[in-house]
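Structure assessment
Chain residues, written in single-letter form:
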Amino acid sequence: MGIEIIPSWRLGRLPFATHLQRLFSKYEIGSVLDVGANRGQFRDFLRYEVGFTGTIISFEPVREVFSELETRTRHDPLWKAINLALGSIDGQMPINVMAATEFASFLEPNLDGPKYKDNHIVATESVAVRRLDSIVEELRDQIALDKPYLKLDTQGYDLSVIKGAESFLASVRGLQTEMSVLPIYQGMPTFEEAVSLLRKKGFDISAMFPVCEDSRMRLVEFDCVMLNRSYLT
């Protein structure tokens, strides 16, 4: 009769999950690099809503959050947590830890942008930063990186991660990045800049999914899913 029973908790992200199911199947995605993992929420989405059973590597720089993330990986043998930030340099950088840890960013909140009560700095800590290109061979020695999908959610720092992954991008079949329409951090790239850069690097838009809106119903951020032209079928 064309009727399906779907739990209410899945409805909000059902179109996103369905899209990734199709994409992962069509492009035979075998591994996911989860950059800006926080406590592993994206892993849960992949496992429980998308149905992905392959390798997941989660990067999280904030020490306290990473400790919780690492503990959670013990129950999933194909999930590895790494206490690093990814960026365009190899070194150390101060990161702003916000009241809500998912807002942690190398950038400062934009006081003229959309207001979120938990997006204010409560601490700053020095974290290790690496270019993905500089660690990818070491990663491959530890865990399979088969036909990878790159997920970026670094609170305004996604394009810096891209700039540090020039070589690795050639092997990336698909990626998603959180793009900004109304900036919540100072100096973060606009979605126009992000789309332009990624198109120049050989990626085309597959889909866009709203992340949040402001009190006036204006879109603040969205997840943009893109495909590497080299693997289009």
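Figured I'd write up the structure that's included with this text. (Residues numbered from 1 in each chain as written. Predicted model: local features only at pLDDT ≥ 70, side-chain atom pairs only at ≥ 80, totals over all residues. Heavy atoms only, no water.)

In this section: the packing of aromatic side chains. Two numbers describe a pair of aromatic rings. These are the distance of the centres and the angle of the planes. This model, assessed by the stated rule, comprises eight aromatic pairs. Ring centres of phenylalanine 42 and phenylalanine 45 lie 5.9 Å apart, and the angle between their planes is 45 degrees; on these two criteria the pair is classed as tilted. Here phenylalanine 42 pairs with phenylalanine 45, and both are found in helix H3 (residues 41-50), just three residues apart, close to one helical turn. Among the aromatic side chains, those forming a connected cluster through ring pairs are Phe16, Phe42, Phe45 and Phe209. Across from the ring centre of phenylalanine 45, 3.9 Å away, lies the NZ or CZ of arginine 13, which sits over that ring. The side chain of lysine 26 reaches across the aromatic face of tyrosine 27, ending 5.9 Å from its centre. (Phe/Tyr/Trp six-rings, centres within 6.5 Å; stacked < 30°, edge-to-face > 60°. Helix = DSSP H or I, 4+ residues; strand = E, 2+ residues; numbered from the N terminus. Lys NZ or Arg CZ within 6 Å of the ring centre and 35° of its normal.)

A few words on the side chain of glutamate 60. Residue placement: glutamate 60 occurs in the loop between strand S2 (55-59) and helix H4 (63-73). Notably, glutamate 60 is buried but unbridged: the nearest opposite-charge side chain belongs to lysine 151, and the N-O separation is 7.9 Å. Polar contacts involving the side chain of glutamate 60 include one to the main-chain amide nitrogen of asparagine 38, which spans 2.8 Å. The residues touching glutamate 60, leaving out its near neighbours within four places in the chain, are Gly36, Ala37, Asn38, Val65, Phe66, Leu69, Ile82, Asn83 and Leu84. (Buried < 20%, exposed > 50% of the residue type's maximum accessible area, 1.4 Å probe, protein only. Lys, Arg positive; Asp, Glu negative; His and termini not counted. Salt bridge = Lys/Arg side-chain N within 4 Å of Asp/Glu carboxyl O. Polar contact = N/O pair within 3.5 Å; in protein donor to acceptor, adjacent residues only side chain to side chain. Contact = heavy atoms within 4.5 Å.)

We now examine the pattern of salt bridges. The final tally for this structure, using the stated rule, is 14 salt bridges. The salt bridge involving lysine 147 is made with glutamate 28; its shortest N-O contact spans 2.9 Å. Remark: glutamate 28 occurs in the loop between helix H2 (14-26) and strand S1 (31-35) and lysine 147 occurs in the loop between helix H5 (132-142) and strand S7 (148-152); sequence separation between them is 119 residues. For lysine 147, a relative accessible area of 28% gives the class partly exposed. The salt bridge involving arginine 131 is made with aspartate 90; its shortest N-O contact spans 3.2 Å. Here the residue arginine 131 occupies a position in the loop between strand S6 (121-130) and H5, and aspartate 90 occupies one in the loop between strand S4 (85-86) and strand S5 (91-98), the gap between them amounting to 41 residues. One salt-bridge network, in which partners are shared between bridges, spans Arg43, Asp44, Arg47, Arg72 and Asp76.

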